[in-house]
Amino acid sequence: MLDPTQDEWNLETLAIRAGHDRTQEQEHSEPIFPTSSFVYGSAAEAARKFSGDEPGNVYSRFTNPTVRTFERRLAAMEGGERCVATSSGMAAILSTALALLQAGDEIVASRSLFGSTVSLFDKYLGKFGITTRYVELSDLDAWEAAMTPSTRLLFAETPSNPLSEVVDIEALAELAHRHDALLAIDNCFLTPALQRPLSLGADLVIHSATKYLDGQGRAIGGAVVGRDKELEEVFGVVRTCGPCLSPFNAWIFTKGLETLNLRMKAHAASALELARWLDAHPAVEKVHYSGLESHPQHQVASRQQQGFGAVVGVEVKGGREQAWSVVDATRMLSITGNLGDAKTTITHPATTTHGRLSDEQKATAGISENLLRIAVGLENLDDIKADLARGLDALV
């Protein structure tokens, strides 16, 4: 059985111990249950399990012990009543929308969203009569002005991708609840190690577990954390529609959580130092990182976060040609659109992660042709600087 003292544990202990029910084998490490189905001792037991009259496993699309361990652990770390795991971060957002919205409902969202999230809201949810309005992330007056009696969900990434913009979560939650709406925060960039949106009043936390929850770029997955009331509806979508997490990936994420706190502190420390180094480089026009005192939301970030994360946005002097030359000059950094890895990654958002957005949408979201996104890994920081200097020094 789960330890009844779990509620008294600190984050580091929850990340290592929470959510695991030992089997009769008395294993120390969490087991993997790679099975599609489960067997019963009698027809009557099967009937009770399928009807829900008796707790237990039915089918791994929606009940698997390995997935359940990951869900319990992440819920404990975020301070939520429940977690529902999904096959990807985008599946987590889709499942939330399908569970809680219907035709005629409206979403108010930040302009500073991952490109695929914008496509999901506009192209696919829009087909079914759900409207999305976009506002400046940090402008609370703009959020309120965009809301109508049909607004059911406020959705934000904070810090944003890739400009590290920040919104006051507590104030935004108060605004949402005053208008009978829910607030969902994408906490992918900081994780519960550096930010806990539920404690600030948010109703739902969304994760791409693919990123820092794993931490080594090994698996795809997602999760939604919040109250049991809303999460029961999200679970219904996963159960019926099938965007479920595999047991193997759940096991990877569970093991990733064990080192999350240590990793995120190390990522953030290196990113802050790199941001300061980039800010002083003559080939750099602007650095976007909420840990810099020059960042417009630095004070808000300092208040609601326990660190500033690993993602640094940097605008080089010039345009696409100059930005690409910095990318191409690297010899160690990984040129990839993913992040959250122990390996430092670099990408040109305007032609990769946000490449499907229109020119107008890119301009509105601040995705310029000279912008690069660096997700700082765990290598030696001097090596990261030296690799970036190859391209940056050539621009001076």
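Everything that follows concerns the structure shown earlier in this document.
As a convention, each chain's residues are numbered from 1 in the sequence order in which they are written. Owing to the predicted nature of the model, reporting of local features is limited to residues with pLDDT of at least 70; listing and counting of side-chain atom pairs is limited to 80 or more, with chain, interface and lining totals taken over all residues. Side-chain measures were taken over the full set of non-hydrogen atoms in the model, leaving aside hydrogen atoms and water.

Student: Could you clarify how one ought to interpret the sheet that holds strand β8 (residues 284–288) in this entry?
Tutor: Picture the strands of a sheet paired through backbone hydrogen bonds; they go either parallel or antiparallel. Pairing is mixed across the open sheet formed by five strands, whose spatial order is β8-β9-β12-β11-β10. Looking along the sheet, the strands with just one partner apiece sit at the ends: β8 and β10 (334–335). Two strands pair if DSSP finds at least two bridges between them. By the criteria applied, helices consist of DSSP H or I runs no shorter than four residues and strands consist of E runs no shorter than two, each listed in order from the N terminus. Of the strand pairs in this sheet, β8 and strand β9 (residues 311–316) are connected by four bridges, and their pairing is antiparallel. Note that in β9 the partner of V287 across the bridge is V314.

Student: Looking at this model, I keep getting lost on helix α5 (residues 115–125). Mind explaining?
Tutor: Think of an α-helix as 3.6 residues a turn; residues three or four steps apart then line up on the same face. Per-residue accessibility, obtained with a 1.4 Å probe over protein chains only, is compared with the maximum for each type, and a residue is labelled buried under 20%, exposed over 50%, and partly exposed between these values. Turning to α5, its buried residues are G115, T117, V118, L120, F121 and L125. Close packing links the buried residues of α5 with α4 (89–100), β2 (106–110), β3 (131–135), β4 (151–157) and α14 (359–365). Two residues form a contact once any of their heavy atoms are found within 4.5 Å.

Student: I'm lost on the environment of M147 in this one. Help?
Tutor: Counting through the fold element by element, M147 comes out in the loop between α6 (140–146) and β4. With relative accessibility at 10%, the residue M147 sits in the buried group. Sequence-wise, M147 and G104 are 43 residues apart; in three dimensions their C-alpha atoms are separated by 13 Å. The residues touching M147, leaving out its near neighbours within four places in the chain, are V108, L154, L175, A176, H179 and A181.

Student: Is there a simple way to explain the pattern of salt bridges in this structure?
Tutor: It is possible for side chains of opposite charge to pair when their charged atoms get near one another. Salt bridges, as used here, are contacts in which a Lys or Arg side-chain nitrogen is within 4 Å of a carboxyl oxygen on Asp or Glu. By the definition in use, this model includes 22 salt bridges. One salt bridge connects E54 with K49, and the closest N-O pair in it is separated by 3.7 Å. The shortest N-O distance in the salt bridge between R178 and E174 comes to 3.0 Å. Here the residue R178 and the residue E174 both occupy positions in helix α7 (residues 169–178), the gap between them amounting to four residues, near one helical turn. Taking relative accessible area as the criterion, R178 reaches 46% and is therefore assigned partly exposed. Through salt bridges with shared partners, one network takes in E30, R73, K255 and E258.

Student: Before we go on, may I ask you to explain the sheet that holds strand β5 (residues 182–186) in this structure?
Tutor: Taken together, the seven strands give an open sheet; going across it, the order is β1-β7-β6-β5-β4-β2-β3, and neighbouring strands pair in mixed fashion. Of all strands in the sheet, those with a lone pairing partner are β1 (82–86) and β3, marking the two edges. Each adjacent strand pair in this sheet contributes to an overall mean axis angle of 20°, direction not counted. One ladder, built from four bridges, connects β2 with β4; its direction is parallel. Counted as the bridge partner of V108 is L154 from β4. Whenever a helix is involved, its axis is fitted only over the stretch in contact; in every case the axis is a line through C-alpha atoms, and angles between N-to-C directions fall within 0 to 180 degrees. Sheet strands in contact with α4 are β1, β4, β5, β6 (204–208) and β7 (222–226), and its direction is about 150° off that of β6. In the packing of helix α9 (residues 228–241) onto the sheet, the strands contacted are β1, β5, β6 and β7, and the crossing angle to β1 comes to about 20°.

Student: When you look at the packing of α4 against α9 in this model, what are you seeing that I'm missing?
Tutor: For any two helices packed against each other, one specifies the inter-axial angle together with the distance between the axes. Their axes nearest at 8 Å, the elements α4 and α9 cross at an angle of 110°. As summarised for this structure, α4 and α9 are arranged roughly perpendicular, according to the angle between their axes. Remark: the crossing between α4 and α9 carries right-handed chirality. Touching S95, T96, L98, A99 and L100 of α4 are E230, E233, V234, V237 and V238, all from α9. A class-by-class count of the residues in the contact of α4 with α9 yields six nonpolar, two polar and two charged. Should an angle fall under 35 degrees it is taken as roughly parallel, and over 145 as roughly antiparallel, whereas 65 to 115 is taken as roughly perpendicular and any remaining angle as oblique. Note on convention: the crossing is left-handed when the near helix lies turned anticlockwise from the far helix by less than a right angle, right-handed when the turn is clockwise. Amino acid classes used here: Ala, Val, Leu, Ile, Met, Phe, Trp, Tyr, Cys and Pro are nonpolar; Asp, Glu, Lys and Arg are charged; the rest, including Gly, are polar.

Student: Would you mind going over the packing of α4 against α5 with me for this structure?
Tutor: At their nearest, the axes of α4 and α5 sit 10 Å apart, and the two run at 35° to each other. As α4 runs across α5, the sense of the crossing is right-handed. Facing α4, whose interface residues are M90, I93, L94 and A97, α5 presents S116, T117, L120, F121 and L125. Partitioning the contact of α4 with α5 into residue classes produces seven nonpolar, two polar and no charged.

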